[in-house]
Amino acid sequence: MTVLTKGNVKTCEQLLEKFASKAQPANPEKIVFSGVGDKDVYNITAPFEDEGEQVIAGRVESRDSEHSSVYFFVEKEGEWVPRENAPVFELQDPFYTRIAGELVLGGVQIFPHPTIENALGWRTVFYKGKNIASLEEFAKGPDGMKDLRLVELADGSIGVLTRPQGEKGGRGKIGWARISSLEELTLDVINEAPLFDGQFIDEEWGGANEPHLLANGLVGVLGHVASFDAAGDRHYYPMVFALEPETGMISDMELIATRSNFLPGASKRPDLADVVFSGGIVRKADGTADMYAGISDAEAQKITIADPFLPYEQKN
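This section reports on the structure supplied with the text. Source: prediction; values computed, not measured.

### With respect to the sheet that holds strand S8 (residues 102–112)
Reasoning step 1: Ordered in space as S7-S8-S9-S10, the 4 strands form an open sheet in which the pairing is antiparallel. At either margin of the open sheet sits one strand with a lone partner, and together these are strand S7 (92–99) and strand S10 (136–140). Taking each pair of neighbouring strands and ignoring which way they run, the sheet shows an average axis angle of 30°.
Reasoning step 2: Relative to S8, S7 is paired through 6 bridges, and the arrangement is antiparallel. Looking across to S8, one finds that Phe 95 is bridged to Gly 106.

### Remarks on the environment of Leu 310
Reasoning step 1: Inspection of the secondary structure puts Leu 310 in helix H3 (residues 310–313).
Reasoning step 2: As a C-alpha pair, Leu 310 and Pro 194 span 116 residues in sequence and 27 Å in three-dimensional space.
Reasoning step 3: The contact partners of Leu 310, leaving out residues within four places of it in the chain, are Arg 283 and Gly 287.

### Structural notes on the pattern of salt bridges
Reasoning step 1: For the structure on display, the rule yields 23 salt bridges.
Reasoning step 2: Glu 66 is the salt-bridge partner of Arg 269, the closest N and O atoms lying 4.0 Å from each other. On the criterion of sequence distance, the pair formed by Arg 269 in the loop between strand S17 (254–255) and strand S18 (274–283) and Glu 66 in the loop between strand S4 (53–61) and strand S5 (69–76) is long-range, its members being 203 residues apart.
Reasoning step 3: With its nearest N and O atoms 2.9 Å apart, the salt bridge here joins Arg 178 to Asp 155. One end of the pair, Arg 178, is in strand S13 (residues 175–179); the other, Asp 155, is in the loop between strand S11 (149–152) and strand S12 (158–162), and 23 residues separate them in sequence.
Reasoning step 4: Looking at Asp 155, the relative accessible area reads 53%, which means it is exposed.
Reasoning step 5: Connected through salt bridges with shared partners, the residues Arg 59, Glu 61, Glu 66, Asp 93, Arg 234, Lys 268, Arg 269 and Asp 271 form a single ionic network.

### Quick word on the nonpolar core
Reasoning step 1: Core analysis: the biggest nonpolar cluster contains 21 residues, and Leu 161, Phe 196, Val 225, Met 239, Phe 241 and Leu 243 have the highest contact counts within it.
Reasoning step 2: Among the secondary structure elements, those contributing two or more residues to this core are helix H1 (12–20), strand S15 (219–228) and strand S16 (234–243).
Reasoning step 3: Counting residues per element, this core draws most heavily on S16, at 4 residues.
Reasoning step 4: One finds Leu 214, Val 240, Ala 242 and Ala 289 within the second-largest nonpolar core, a separate group that totals 19 residues.

### A few points about unusual backbone geometry
Reasoning step 1: We note that Asn 43 has phi near 45°; this positive angle belongs to a residue other than glycine.
Reasoning step 2: Residues other than glycine seldom take positive phi values, yet Asn 85 does so here, at roughly 65°.
Reasoning step 3: When its relative accessible area of 79% is taken as the criterion, Asn 85 is described as exposed.

### Focus on the side chain of Ser 157
Reasoning step 1: Turning to its location among the elements, Ser 157 is positioned in the loop between S11 and S12.
Reasoning step 2: Looking at Ser 157, the relative accessible area reads 11%, which means it is buried.
Reasoning step 3: Engagement of the side chain of Ser 157 in a polar contact is seen with the side chain of Asp 155, the distance being 2.6 Å.
Reasoning step 4: Engagement of the side chain of Ser 157 in a polar contact is seen with the side chain of Arg 178, the distance being 3.0 Å.
Reasoning step 5: When residues no more than four places from it in sequence are discounted, the contact partners of Ser 157 are Val 151, Glu 152, Arg 178 and Ile 179.

### Side note on the pairing of strand S9 (residues 120–129)
Every regular strand shows the same layout, with side chains that alternate between the two sheet faces.
Reasoning step 1: Among the 10 residues that make up S9, 7 are buried, leaving the element largely enclosed by the rest of the structure.
Reasoning step 2: Sheet topology places S8 next to S9; 10 bridges connect them, and they run antiparallel. Each residue of the ladder has a partner; that of Phe 111, found in S9, is Gly 121.
Reasoning step 3: Where S9 and S10 come together, 4 bridges link them in antiparallel fashion. Residue pairing for S10: Val 125 is matched across the bridge by Lys 140.
Reasoning step 4: Counted between consecutive antiparallel strands, the loop separating S9 from S10 contains 6 residues.

Rules used throughout
Every residue gets a number counted from 1 within its own chain, in the order that chain's sequence is written. Reporting of local features is limited, given that this is a predicted model, to residues whose pLDDT is at least 70; pairs of side-chain atoms are given and counted only at 80 or more, and all residues count toward the totals for whole chains, interfaces and linings. Water and hydrogen atoms were dropped before computing side-chain values, which therefore reflect all heavy atoms in the structure. Here, a strand pair is defined by DSSP locating no fewer than two bridges between the strands. Secondary structure follows DSSP: runs of H or I at least 4 residues long count as helices, runs of E at least 2 residues long count as strands, and numbering of each begins at the N terminus. Angles shown run from 0 to 180 degrees and are taken between the N-to-C directions of axes, each axis being a line fitted to C-alpha atoms and, for helices, limited to the stretch in contact. Residue contacts are counted whenever heavy atoms from the two residues lie within 4.5 Å of one another. A pair is scored as a salt bridge if a Lys or Arg side-chain nitrogen falls within 4 Å of a carboxyl oxygen belonging to Asp or Glu. Relative accessibility thresholds used throughout: buried, under 20% of the residue-type maximum; exposed, over 50%; partly exposed, between the two (1.4 Å probe, protein chains only). Definition of nonpolar core: a set of buried residues of the types Ala, Val, Leu, Ile, Met, Phe, Trp, Tyr and Cys, connected through side-chain atoms within 4.5 Å. N or O atoms within 3.5 Å of each other form a polar contact, as long as, within protein, one can give a hydrogen and the other can take it, and as long as residues adjacent in sequence are counted only when both atoms are side-chain atoms.

Geometric values such as these leave the question of function open.
Structure, rendered in structure tokens:
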């Protein structure tokens, strides 16, 4: 069994200091979307195959609104355009995985807050099907929980990464549970998932964005860690860590990019200028990876990084 080691909890400031001493990402590139009028496309997935075609799911939204739709885009002549006849979901922040041979798509659904006037609540909603065209809803997460993710493990069971906030989780901490099938994905399983120890300080928060099953059975997790500064502005950094599914042990987090590694661009609001929302990673045979990300809640970019999961995959 692979044993992961973890040191003391690190703050964003400490993680940034370590990241600055490493080889930096390269080749930032804006991803051009068209066919959605003047709306922004951000918080995208990495491209994935559906019916023999590469597809990106993206959050489509007006600059002055939080009411978004998830579109599926295909590339035509260097631009990504809405796929003809594909479904559109009233969701934010799409993500995907494959479990038991099926495509699983999820996103964040917003709704009027049940107790706070003029406020929004949110929950994660899951769909599954043999392809995009056949996706049907099969589960909802607890009200108030984003960043709920699933991963099929080496033995066919399913890992569940949670992100409660409030009495359990504070500003947002990551939990872990295992189930044997999607039918077992219940509110109780999600709510009762133990949290990882010593991953975030209480003043900061984080979440999982895209778990990857590695060749040695570990799970490499692409996620984010975030903080407020003294002015109340938000800072989101893409990070990775590894976890051992049997024991729930985790490695230290490592940052893999910052906003300054990407090209300059627009921001939804001034307090979101330093936000990189990890979308997905495409690992490549040459030891690098393309990371796709939402930038400043206004656009999407990709960047080339050293494959962050290779060091974990090489552990015995």
